[in-house]
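Given next are the chains, with one letter for each unit.
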Amino acid sequence: MAGRTTKEQLQQDIAVWFADGVIEKETLDVLSERYEAQRFGGIGVIKYLGIAGGLRAFFGIMGLVTAMTESAGFSAVVLGCVGGGLTYWGLRLARNVQDRYATSSKVIVTLGVVLWTSAIGVLSGVVGFEDEAILTLVGIFSLPIAFFLAYRSRNTYLLILTLLGMFHWIGAWNAMCGRSTYVFAVQDPRMMCVVALAAIGVGLYHEWNLYPRPGRFYQAWESLGLAYLNMSLLILSIWAGHGESTAAWVVLFTVACVAQIALGARWQSGLLRGFGITFLVIDVFTRDHETFWNDLSLGAYLLAGGVGLVVAGGCIEMLTRMFRAKGGAT
C-alpha cells in the first residue's frame, strides 16, 4: 500500500501526464481516485468550520444590506449576482489541473446554484406570479442548468441537491409540525413511484455503462430513487385514497422489498439490499401494528412481536447456513 507521500507525488505526476497529453481524462479520473492522498482529520474539521463560519457571516451581511433596502427586486439582483459569481469562481477552481480545490470548488458551485435559483424565485414573486407558478418556473429554468453543471464538474453535492429539488418540484413535501413531528408528504405517490423507478434506472445505467467517468453519481440516483419509491409505496399501502383498498399496495410493497433484497444479493449491491431489508422491516412492523395493536393488550402485543422476531431471526440464520454450506451467495 502506497504511503501518503507517495500518493501525493503520484497525484502531481498524474496531473503533469494529463497536461502533457500522455493520458486521457478518464485515466486521470481513475488514477486520481485510486491514489487519493487527502485526509480530513482535525485540521480538516477546523478548516471547514472556518469556511462555514465565514460564509454564514457573509450571507448575514448580505441579508442585512438587502433587508435595509426593503426591496425584493434588489434582493433578487444581489442573489443572482452573488450566485452567478460563486458558480463561475467554483467552476474555475474545478479546472485546476492538480485538483487542489476538489472539495471547495464543488461546495462553492453548489452554493452559487442555490443563490441564483433563489433569485429566480424571488424575481418571479416580484413580477406577480402565484406560488404554484413560481415553483414551476424555478424548476423549469434551474433544474436543467443544475444537472448540466453537476455533470460538467462531476459535483456529487450539486447532483444530490438537484435530485432532491427535482423530487420536491414533482410533488414531495416535508415540514415540521407540532411537538417536533416530521411530516413526509407526497402529492401523488403513484406518479412519484414512476419517477423514482426512472431515477433508479438512470442510476443503474450510470453504474453499468458510464462508471467511472461520472464518478459515483450512480449512488445518488439509486439511493434517492429507492428512498422515494419505497416511501411512496409505504404511503399507498397505508392510505391509497378515494376509498381504494390498500391490500394490493401492501402486496406490491412487500414484493418490491423482497425483490430489492434478492437483486441486491444477486448483483452484490449493498445499496439495494440495505433499502430492501430496511423497508421490509418497516412493512412488517406496519402490518403488525395495523392488525394486532387494537386487538391485543400492550403486553401480549409486545410478547407476540418479540416471539415473531426471534422465530424470523432463527429461520434466516438457518437459511444462511444452508446457503453457505452449499457454497451459494448469502
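J.: Even after reading the chapter, I still don't get the overall build of the protein, so can you show me in this structure?
T.: In terms of regular secondary structure, the protein is built from 12 helices and 2 strands. N-terminal to C-terminal, the α/β element order of the protein is α-α-α-α-α-α-α-β-β-α-α-α-α-α. By the burial criterion, 32% of the 330 residues in the protein qualify as buried. Counted over contacts in the protein with a minimum sequence separation of 6, partners at least 24 positions apart contribute 57%. In the structure as shown, the protein presents an accessible area of about 20,200 Å², 67% of it carried by carbon and sulfur atoms.

J.: Quick question: what am I supposed to make of the nonpolar core here?
T.: Where a protein is soluble and globular, its nonpolar side chains tend to be buried together. Residues Val113, Leu159, Leu163, Met166, Phe167 and Leu233 are the most contacted members of the largest nonpolar core, which totals 39 residues. Mapped by element, the contributors of at least two residues to this core are helix H5 (102–127), helix H6 (131–152), helix H7 (156–170), helix H8 (189–210), helix H9 (217–238), helix H10 (247–266) and helix H11 (270–292). With 10 residues, the single largest contributor to this core is H9. Dropping the residues within four chain positions of it, Met166 is found in contact with Leu143, Phe147 and Val195. The next biggest cluster of nonpolar side chains, apart from the first, holds 8 residues, and it includes Leu86, Leu93, Ile108 and Leu115.

J.: Before we go on, may I ask you to explain a nonpolar patch on the surface in this structure?
T.: The grouping of Leu123, Val126, Val127 and Phe129 at the surface amounts to a nonpolar patch, some 370 Å² of accessible area in total. Structurally, Val126 can be placed in helix H5. Overall, the relative accessible area of 42% leaves Val126 in the partly exposed class.

J.: Explain H5 here, please?
T.: Taking 1.5 Å of rise per residue, the 26 residues of H5 would be expected to cover 38 Å, and the 38 Å separating its terminal C-alpha atoms lies within 8% of that figure. Positive backbone phi, at 115°, marks Gly128, one or two positions downstream of H5.

J.: Sorry if this is basic, but what is going on with the packing of H5 against H6 here?
T.: The geometry of a pair of packed helices is captured by two quantities: the angle between their axes and the separation between those axes. Running from N to C, H5 and H6 cross one another at 160°; their axes reach a closest spacing of 9 Å. Taken as axis vectors, H5 and H6 run roughly antiparallel relative to one another. Two packed elements cross with a definite hand, and for H5 against H6 that hand is right-handed. On H6, the residues touching Val113, Trp116, Thr117, Ile120, Gly121, Ser124 and Gly125 of H5 are Ile134, Leu137, Val138, Phe141, Ser142, Ile145, Ala146 and Leu149. Split by residue class, the contact of H5 with H6 holds 10 nonpolar, 5 polar and no charged.

J.: Please explain the pattern of salt bridges as it appears in this structure.
T.: If the charged atoms of two oppositely charged side chains come close together, the side chains can form a pair. Counting across every chain of the model gives 1 salt bridge. Of the charged contacts, one joins Arg287 and Asp283 as a salt bridge, the two residues approaching to 2.4 Å between their closest N and O atoms. Of this pair, Arg287 and Asp283 are both found in helix H11, 4 residues apart, which corresponds to roughly one turn of the helix.

J.: Is there a simple way to think about the environment of Ile261 in this case?
T.: For Ile261, the position within the fold is in helix H10. Taking C-alpha positions, Ile261 is 9.1 Å from Leu280, a pair spaced 19 residues apart along the chain. The residues contacting Ile261, other than those within four sequence positions of it, are Arg273, Gly276, Ile277 and Leu280.

J.: I would appreciate a short explanation of the packing of aromatic side chains in the present structure.
T.: The geometry of an aromatic ring pair comes down to the distance between the two centres and the angle between the two planes. Throughout the structure, instances matching the rule amount to 6 aromatic pairs. Note on Tyr211 and Tyr218: the rings are 5.7 Å apart at their centroids and 90° apart in plane angle, and the pair reads as edge-to-face. A residue is classified by how much of its surface remains accessible, and Tyr211, at 34% relative accessible area, is partly exposed. For the ring pair Phe275 and Phe279, a centre distance of 6.3 Å and an interplane angle of 10° mean the geometry is stacked. Of this pair, Phe275 and Phe279 both sit in helix H11, 4 residues apart, which is roughly one turn of the helix.

J.: Got a minute to help me understand the environment of Leu31 in this structure?
T.: Examined against the element boundaries, Leu31 turns out to sit in helix H2 (residues 25–34). With 21 residues separating them in the primary sequence, Leu31 and Leu10 have C-alpha atoms 8.8 Å apart. Not counting residues up to four positions away in its chain, the partners in contact with Leu31 are Ile14 and Ile23.

J.: Help me out: how do you make sense of the packing of H5 against H7 in this one?
T.: In the contact formed by H5 and H7, the axes pass within 8 Å of each other and the chain directions differ by 30°. In terms of orientation, H5 lies roughly parallel with respect to H7. Counting all contacts with H5, which are made through Thr103, Lys106, Val107, Val109, Thr110, Val113 and Val114, the residues of H7 involved are Tyr157, Leu158 and Leu161. Broken down by class, the residue content of the contact of H5 with H7 amounts to 7 nonpolar, 2 polar and 1 charged.

So, how was this worked out
- Residues numbered from 1 in each chain as written.
- Predicted model: local features only at pLDDT ≥ 70, side-chain atom pairs only at ≥ 80, totals over all residues.
- Heavy atoms only, no water.
- Helix = DSSP H or I, 4+ residues; strand = E, 2+ residues; numbered from the N terminus.
- Buried < 20%, exposed > 50% of the residue type's maximum accessible area, 1.4 Å probe, protein only.
- Contact = heavy atoms within 4.5 Å.
- Areas by Shrake-Rupley, 256 points an atom, 1.4 Å probe, with all protein chains shown as cover.
- Core = buried A, V, L, I, M, F, W, Y, C linked by side-chain atoms within 4.5 Å.
- Patch = residues over 30% accessible without salt bridge, like charges linked within 9 Å, V, L, I, M, F, W, Y side chains within 5 Å.
- Salt bridge = Lys/Arg side-chain N within 4 Å of Asp/Glu carboxyl O.
- Expected span 1.5 Å × (residues − 1).
- Axes fitted to C-alpha atoms, helices over the stretch in contact; angles between N-to-C directions.
- Parallel < 35°, antiparallel > 145°, perpendicular 65-115°, else oblique.
- Left-handed = near helix turned anticlockwise from the far one by under 90°.
- Nonpolar A, V, L, I, M, F, W, Y, C, P; charged D, E, K, R; others polar.
- Phe/Tyr/Trp six-rings, centres within 6.5 Å; stacked < 30°, edge-to-face > 60°.

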